[in-house]
Protein chains: 2
Amino acid sequence: MLLDSMKNRRSIRKYTDQDIPESLLNELFEVAARASNTGNMQLYSVVVTRDQQSKEKQAPLHFNQKMVTEAPVLLTFCADANRFVKWAEARDAVPGFDNLQTFIAATIDAMLFAQAFCDAAEANDLGICYLGTTAYNADKIIDALNLPELVVPIVSVTVGYPADPLPEQVERLPLAAVVHREKYTDFTPESIDALYKAKEELPVNIQYTKENNKATLAQVFTDIRYTKKNNEYFSEVFMQVLKAQGFLK
Amino acid sequence: MLLDSMKNRRSIRKYTDQDIPESLLNELFEVAARASNTGNMQLYSVVVTRDQQSKEKQAPLHFNQKMVTEAPVLLTFCADANRFVKWAEARDAVPGFDNLQTFIAATIDAMLFAQAFCDAAEANDLGICYLGTTAYNADKIIDALNLPELVVPIVSVTVGYPADPLPEQVERLPLAAVVHREKYTDFTPESIDALYKAKEELPVNIQYTKENNKATLAQVFTDIRYTKKNNEYFSEVFMQVLKAQGFLK
């Protein structure tokens, strides 16, 4: 029955006016903190934004997606080695956490905490939407939220009670596209055709390709949504963020 | 009630002999695939290891932690832009996905998929344990599982039915250590003392510090478990992996 609710989930971008009680939010954080993490160091943190002015300030950093200002709560999940290092330094311990491996461990911790939060929130009738824009504009989000060294924002999530009507559930690829048995089986033109057939034949995707004046659905992604130019620009920004925050020399 | 089960969870390292039916495993993957992902590109994959020889081959890459060979199923979750790029290339689209930003997006996708799988698995009475060793020995795991370019293993998870007796639940820091309101509030020696007091006073942690011949609990982490030397060595390995797999120039 949890499986049913998880299976029927969809990202929610429109919310009712109903606020989220602080007690429920704390309960969900308590639950999420039970998720696995690296060596029980809990190398993550979350910044809760409820203040409307702060949401409006952050909105452009998320390309003005409306749910940032419309959701009652905006959460920013961070890879965080700062608290652990401050503890170690206060306890005659010499940490060596200013490196890529620690950043990866902290990113894993932050994402497991975020997803456990979202699963728990949805089981409590809340709706959520992840924002991938956080890793693009990490430098500006660091400024907006006063994040110190060894803290890097990875994703943001908007949370609220879903407004009617609920959006349609979007498609997923067949399991064979993501699950490999014993070894990774690389793809051939034929297996790609088979795995993407249903997705490409969906009326909504045919329409989407046409609206964007592209010959194929894939071109909408490579030419418009996730261009080489943008990916490279934001990669450079993120590399500088890792250096500035002390995870990379 | 889901909250209760999530709140009472613990990582499980000892399993009964009961196998996991393929139908249940597939159902859990279907559910996990409903988790959010970047632009519905599903930049992740999972390699399922059931074969005992393959588990034994991988065990040393996970520092011979026993659950790798004892669990019925070992899963390796990967950041994966390979399938998407193969699709784009077959559809007259020119992808620009060989960069750090794509790696971060794919790592996020892989972790949300992994954690949704674990939440669903635990709601079905399975036990799981994450292995952080995957990011240490990513180069060797790539060889063992035949991972192609643009695929990087991030975490592994062992899965099975929990053996009695269940382990004790381990402590977590107070919420105030991980949740910040509106802005990040950095820590002072006083706030560190307050947040770590309960953890440091736990008999099990006092004992653990003594067994390791250290003056403070923090020193067990910095001097033994996550040393600067190891962190820097494995950071260099991971940097080379990102280059070899095509995510970094």
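Being a predicted model, the structure only gives us computed values, none of them experimental. (Residues numbered from 1 in each chain as written. Chains lettered and ligands numbered in written order. Predicted model: local features only at pLDDT ≥ 70, side-chain atom pairs only at ≥ 80, totals over all residues. Heavy atoms only, no water.)

Comments concerning unusual backbone geometry
Residues and elements named next belong to chain A. Pro165 follows Asp164 through a cis peptide bond whose omega is -10°. Examined against the element boundaries, Pro165 turns out to sit in the loop between strand 4 (151-160) and strand 5 (179-181). At Asn64, a position not held by glycine, the phi torsion is positive, near 55°. Position of Asn64 among the secondary structure elements: in the loop between helix 3 (52-58) and helix 4 (67-70). Positioned with a positive phi, Glu182 is a non-glycine residue whose angle comes to about 65°. For Glu182, the location among the structural elements is in the loop between strand 5 and helix 8 (189-201). (Helix = DSSP H or I, 4+ residues; strand = E, 2+ residues; numbered from the N terminus.)

Considerations on the packing of helix 10 (residues 217-225) of chain A against helix 5 (residues 82-89) of chain B
With their axes 9 Å apart at the nearest point, helix 10 of chain A and helix 5 of chain B run at an angle of 110° to one another. One finds that helix 10 of chain A runs roughly perpendicular with respect to helix 5 of chain B. On helix 5 of chain B, the residues touching Leu217, Ala218, Phe221 and Thr222 of chain A of helix 10 of chain A are Phe84, Trp87 and Ala88 of chain B. When grouped by side-chain class, the residues that make up the contact of helix 10 of chain A with helix 5 of chain B number six nonpolar, one polar and no charged. (Axes fitted to C-alpha atoms, helices over the stretch in contact; angles between N-to-C directions. Parallel < 35°, antiparallel > 145°, perpendicular 65-115°, else oblique. Contact = heavy atoms within 4.5 Å. Nonpolar A, V, L, I, M, F, W, Y, C, P; charged D, E, K, R; others polar.)

Remarks on the pattern of salt bridges
A complete count under the given rule lists 28 salt bridges over all chains for this structure. Between Arg91 of chain B and Glu200 of chain A there is a salt bridge; the shortest N-O distance is 2.6 Å. Taken together, the positions of Arg91 of chain B in the loop between helix 5 and helix 6 (100-123) and Glu200 of chain A in helix 8 put the pair across two chains. Overall, Arg91 of chain B belongs to the buried group, its relative accessible area being 13%. (Salt bridge = Lys/Arg side-chain N within 4 Å of Asp/Glu carboxyl O. Buried < 20%, exposed > 50% of the residue type's maximum accessible area, 1.4 Å probe, protein only.)

Quick look at the sheet that holds strand 2 (residues 73-80) of chain A
One open sheet holds the five strands; their spatial order is 3(A)-4(A)-2(A)-1(A)-5(B), and the pairing between them is mixed. At either margin of the open sheet sits one strand with a lone partner, and together these are strand 3 (127-131) of chain A together with strand 5 (179-181) of chain B. Taken pair by pair, the neighbouring strands of this sheet meet at an average axis angle of 25°, ignoring direction. Helix 7 (residues 138-145) of chain A contacts strand 1 (44-49), strand 2 and strand 4 of chain A of the sheet and is inclined by roughly 75° relative to strand 4 of chain A. (Pairing = 2+ DSSP bridges.)

Description of the side chain of Thr158 of chain A
Residues and elements named next belong to chain A. Tracing the chain through its elements places Thr158 in strand 4. With relative accessibility at 0%, the residue Thr158 sits in the buried group. Among the polar contacts made by the side chain of Thr158, one reaches the side chain of Tyr15 at a distance of 2.8 Å. Dropping the residues within four chain positions of it, Thr158 is found in contact with Ile12, Tyr15, Met67, Val68, Ala71, Val73, Leu74, Gly127, Ile128, Cys129 and Leu131. (Polar contact = N/O pair within 3.5 Å; in protein donor to acceptor, adjacent residues only side chain to side chain.)

Some thoughts on the interface of chain B and chain A
With 117 residues of chain B at the contact, the number on the chain A side is 117 residues. Across the chain B/chain A interface, buried area totals approximately 10500 Å², and carbon plus sulfur atoms make up 59% of it. On the chain B side of the interface with chain A, the three residues burying the most area are Arg34, Trp87 and Tyr184 of chain B, jointly 9% of the side's total. Summed over the shared surface of chain B and chain A, the number is 12 salt bridges. Taking the shortest distance from any N to any O, the salt bridge between Lys249 of chain A and Glu232 of chain B comes out at 3.7 Å. Where chain B meets chain A, there are 77 residue pairs in polar contact (both at pLDDT 80 or more). Considering each element in turn, the side of chain B that touches chain A owes the most residues, 14 residues, to helix 6 of chain B. A breakdown of the residues in the side of chain B that touches chain A according to their chemical character gives 61 nonpolar, 27 polar and 29 charged. Here strand 1 of chain A pairs with strand 5 of chain B via three bridges, running parallel. If you follow Val47 of chain A over to strand 5 of chain B, its bridge partner there is His180 of chain B. (Buried area = accessible area lost by both parts, 1.4 Å probe.)

Brief notes about the pairing of strand 4 of chain A
Working note: regular strand, side chains alternate between the two faces of the sheet. Residue and element names in this part refer to chain A. Burial of strand 4 is extensive: 10 of the 10 residues sit out of reach of the surface. Direction of pairing for strand 2 relative to strand 4: antiparallel, over a ladder of eight bridges. Across the sheet, Asp80 pairs through a bridge with Val151, a residue of strand 4. Where strand 3 and strand 4 come together, five bridges link them in antiparallel fashion. Across the sheet, the residue bridging to Tyr130 is Val157, located in strand 4.

What to know about the relation of the copies chain B and chain A
Placing chain B over chain A gives an RMSD of 0.0 Å and needs a rotation angle of 180°, together with 0.0 Å of translation along the axis. Given the turn and translation reported, the copies of this chain are related as if by a two-fold rotation axis. (Least-squares fit on C-alpha atoms with pLDDT ≥ 70 in both.)

Quick word on helix 7 (residues 138-145) of chain B
All names here are of chain B. Every buried residue of helix 7 is listed here: Ala138, Ile141, Ile142, Ala144 and Leu145. All buried residues of helix 7 lie within an arc of 165° about the axis, which places them on one face of the element. In the core, the buried residues of helix 7 are packed alongside strand 1 (44-49), helix 3 (52-58), strand 2 (73-80), strand 4 (151-160) and helix 11 (228-244). Asn146 sits one or two residues past helix 7 and shows a positive phi near 60°. (Arc of directions from axis to C-beta.)

Brief notes about the packing of aromatic side chains
The way to describe two aromatic rings as a pair is by their centre distance and the angle between their planes. In the structure shown here, the tally under the stated rule is 36 aromatic pairs over all chains. When the centroid spacing of 6.2 Å and the interplanar angle of 55° are considered together, the rings of Phe77 of chain B and Phe117 of chain B count as tilted. On the criterion of sequence distance, the pair formed by Phe77 of chain B in strand 2 and Phe117 of chain B in helix 6 is long-range, its members being 40 residues apart. Residue Phe77 of chain B shares its accessibility class with Phe117 of chain B, and that shared class is buried. Through pairs of rings, three or more aromatic residues link up here, namely Phe84, Trp87 and Phe97 of chain A together with Tyr196, Phe221 and Tyr226 of chain B. (Phe/Tyr/Trp six-rings, centres within 6.5 Å; stacked < 30°, edge-to-face > 60°.)

Quick look at the sheet that holds strand 4 of chain B
Taken in spatial order, the five strands of this open sheet run 5(A)-1(B)-2(B)-4(B)-3(B), and their pairing is mixed. Each of the sheet's edge strands pairs with one partner strand only, and the pair in question is strand 5 of chain A together with strand 3 (127-131) of chain B. Strand after strand, the sheet turns through a mean of 25° between neighbouring axes, direction not considered. Relative to the sheet, helix 7 of chain B contacts strand 1, strand 2 and strand 4 of chain B, its axis offset from that of strand 4 of chain B by approximately 75°.

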